[in-house]
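The lines below spell out each chain.
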Amino acid sequence: MLTDENAVKRLSELGHGTRLSIFRLLVKAKPSGLTVGEIQAHLEVPGSTLSHHIGRLISAGLIRQHREGRILRCFAELQSLDELMAYLTAECCTL
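Residues numbered from 1 in each chain as written. Predicted model: local features only at pLDDT ≥ 70, side-chain atom pairs only at ≥ 80, totals over all residues. Heavy atoms only, no water.

Engineer: Would you mind going over the sheet that holds strand S2 (residues 63–68) in detail, with residue names and values included?
Structural biologist: Strand order across the open sheet formed by 3 strands is S1-S3-S2, with antiparallel pairing between neighbours. Two strands bound the open sheet, and with one partner strand each, they are strand S1 (34–35) and S2. Of the strand pairs in this sheet, S1 and strand S3 (residues 71–76) are connected by 2 bridges, and their pairing is antiparallel. Across the sheet, residue Leu34 finds its bridge partner in S3, namely Cys74. Against the sheet, helix H4 (residues 47–59) engages S2 and S3, with an angle of about 115 degrees to S2. (Pairing = 2+ DSSP bridges. Helix = DSSP H or I, 4+ residues; strand = E, 2+ residues; numbered from the N terminus. Contact = heavy atoms within 4.5 Å. Axes fitted to C-alpha atoms, helices over the stretch in contact; angles between N-to-C directions.)

Next up, the structure:
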């Protein structure tokens, strides 16, 4: 079960435009994900900036990375999104 603290962290990270764009790209790219270079090409974000945003999304549990030799491939953690949505709607109809 998702804690309040984890929900706040995930919502906070998705509340930034670049991070939301990264996450949405990765959701669309499932299940193969995208390389960091592919994300950078789509969003036209400098590498160091992209690395910062990816790190924050990883820290929040919203994406994961897999190393393929010298390439890093990113994937959306759809279970984390499902947990967040369930958290937000858990009490929607109890009034």
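Having seen it, we continue.
Engineer: Tell me about the pattern of salt bridges, and name the residues and values.
Structural biologist: Going through the model one piece at a time under the given rule, you end up with 6 salt bridges. Arg56 is paired through a salt bridge with Glu13; the nearest N and O atoms lie 2.9 Å apart. Placement of the pair is Arg56 in helix H4 and Glu13 in helix H1 (residues 4–14), with a sequence separation of 43 residues. When its relative accessible area of 32% is taken as the criterion, Arg56 is described as partly exposed. (Salt bridge = Lys/Arg side-chain N within 4 Å of Asp/Glu carboxyl O. Buried < 20%, exposed > 50% of the residue type's maximum accessible area, 1.4 Å probe, protein only.)

Engineer: Give a detailed account of the packing of helix H2 (residues 17–28) against helix H3 (residues 36–43), specifying residues and quantitative values.
Structural biologist: Viewed as axis vectors pointing N to C, H2 and H3 meet at an angle of 120 degrees, and their least axial separation amounts to 11 Å. Taken together, the axis directions place H2 and H3 in an arrangement best described as oblique. The two elements H2 and H3 cross, and the hand of that crossing is right-handed. Facing H2, whose interface residues are Thr18, Ser21, Ile22, Leu25 and Leu26, H3 presents Ile39, His42 and Leu43. (Parallel < 35°, antiparallel > 145°, perpendicular 65-115°, else oblique. Left-handed = near helix turned anticlockwise from the far one by under 90°.)

Engineer: So what about unusual backbone geometry? Which residues, and what values?
Structural biologist: Across the chain, the bulk of peptide bonds are trans and the bulk of non-glycine residues have phi less than zero. Pro31 follows Lys30 through a cis peptide bond whose omega is -5 degrees. Inspection of the secondary structure assignment puts Pro31 in the loop between H2 and S1. In this structure, Glu44 takes a positive phi of about 55 degrees despite not being glycine. Along the chain, the position of Glu44 falls in the loop between H3 and H4. When its relative accessible area of 71% is taken as the criterion, Glu44 is described as exposed.

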